[in-house]
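# Commentary on secondary and tertiary structure
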Amino acid sequence: MNAPSPAAPAAAPVRVEQAAVAYGARRVLDGIDLSIAPGERVAVIGPSGAGKTTLFRLIAGLVKPAEGRVHTLGRDTAALAGRRLARLRREVGFLHQQDNLVPQLRVVHNVLMGRLGHWWLPRALLSLLWPQDIGRARAALARVELADKLWALPDELSGGQQQRVAVARLMVQQPRLVLADEPVSALDLRLGREIIALLCGMAARDGVTLLVNLHTLDLLQGHFDRVVALRAGQLFWQGAPAQISQHLLRELYGAEYRALHLDEMELPA
Ligand SMILES: Nc1ncnc2c1ncn2[C@@H]1O[C@H](COP(=O)(O)OP(=O)(O)OP(=O)(O)O)[C@@H](O)[C@H]1O
């Protein structure tokens, strides 16, 4: 087999072409064109109801485009169903605002849930009785500084610690793409900063492509390669975090601009 030519560009893990999504008669995304490069870290921003979560659902294949095409990790999501869709989902890691963990399962089991897609059923079932690959869980927990919480129950952890366990689960899952939908909205700024740093550090170290739906714009600088801004279901702007200005945020957020205290951010006019 020939090795791929070093000059050949790697395929985009996310390619959205002129995609629209409708719920009933209502279009909530329209004419979206977006291509994400391998290993790129992208923040998605925009006012409430702009379609950020829907964009993530579209990329994950959870909703199909009413128009246009969506290619995720090289697969056309419109053509995926059953086992092929399940296979794609194994390669995509998710992180939500909260409720990422199974409350009845100890941290070690929650982390190893990230391995389920890699194991045959008997090993997955056995792991519920006696955790398989504890070493891997321990190493991932050490990376999020929770090595001592291997046997804790999620309820015994703070909100920030629970999100760190969820990041450790992503680390053992080894997805090619992570979709984090408001992962820090339930946390204060300091804890939010920790989680974003962990996520972006994991993505950089493991070569994972990362999309984060971010409400707290204070966390943009220093972590992301690109910002994609949605407004009213359309791609309103995209660029580097350093290019964001007060003018842009005013236009993007409209009535929410002051309510979110965006006028207090130190940005160029
Ligand atoms: N399952 C659904 N059925 C009908 N309408 C929906 C559904 N999910 C979302 N919507 C609508 O689609 C629009 C976009 O929603 P979405 O959750 O993608 O926005 P968002 O930008 O993530 O908002 P927020 O920042 O408030 O979470 C909203 O007007 C929402 O009410």
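This write-up is about the structure you can find in this document. (Residues numbered from 1 in each chain as written. Predicted model: local features only at pLDDT ≥ 70, side-chain atom pairs only at ≥ 80, totals over all residues.)

## Structural notes on the sheet that holds strand β7 (residues 177-181)
Strand pairing within a sheet occurs via backbone hydrogen bonds; the two strands may be parallel or antiparallel. The six strands are arranged β6-β7-β8-β3-β9-β10 in an open sheet whose pairing can be described as mixed. Edge positions in the sheet fall to β6 (92-95) and β10 (234-239), since each has one partner strand and no second. Pairs of neighbouring strands in the sheet enclose a mean axial angle of 20 degrees, with direction left out of account. As defined by bridge partners, strand β3 (residues 41-45) adjoins strand β8 (residues 209-213) across four bridges and the pair is classed as parallel. Opposite V42, over in β8, you have L211 as the bridge partner. (Pairing = 2+ DSSP bridges. Helix = DSSP H or I, 4+ residues; strand = E, 2+ residues; numbered from the N terminus. Axes fitted to C-alpha atoms, helices over the stretch in contact; angles between N-to-C directions.)

## Regarding the sheet that holds strand β1 (residues 14-23)
Pairing is antiparallel in the open sheet, where four strands are placed in the order β2-β1-β4-β5. Looking along the sheet, the strands with just one partner apiece sit at the ends: β2 (26-36) and β5 (75-76). Alignment of β1 against β2, held across seven bridges, turns out to be antiparallel. Bridging from a neighbouring strand, A22 pairs with R27 of β2. Sitting on the sheet, helix α1 (residues 52-59) touches β1, β2 and β4 (67-72), and the angle it makes with β2 is about 65 degrees. (Contact = placed C-beta atoms within 7 Å.)

## Here's the deal with the pairing of strand β9 (residues 226-231)
By the bridge criterion, four bridges tie β3 to β9 in an arrangement that is parallel. By the bridge assignment for β9, V44 is matched with V228. One ladder, built from five bridges, connects β9 with β10; its direction is antiparallel. Bridge assignment links V228 to a residue of β10, and that residue is Q238. As consecutive antiparallel partners, β9 and β10 are separated by two residues, and within that stretch A232 has a phi angle of approximately 45 degrees, a positive value.

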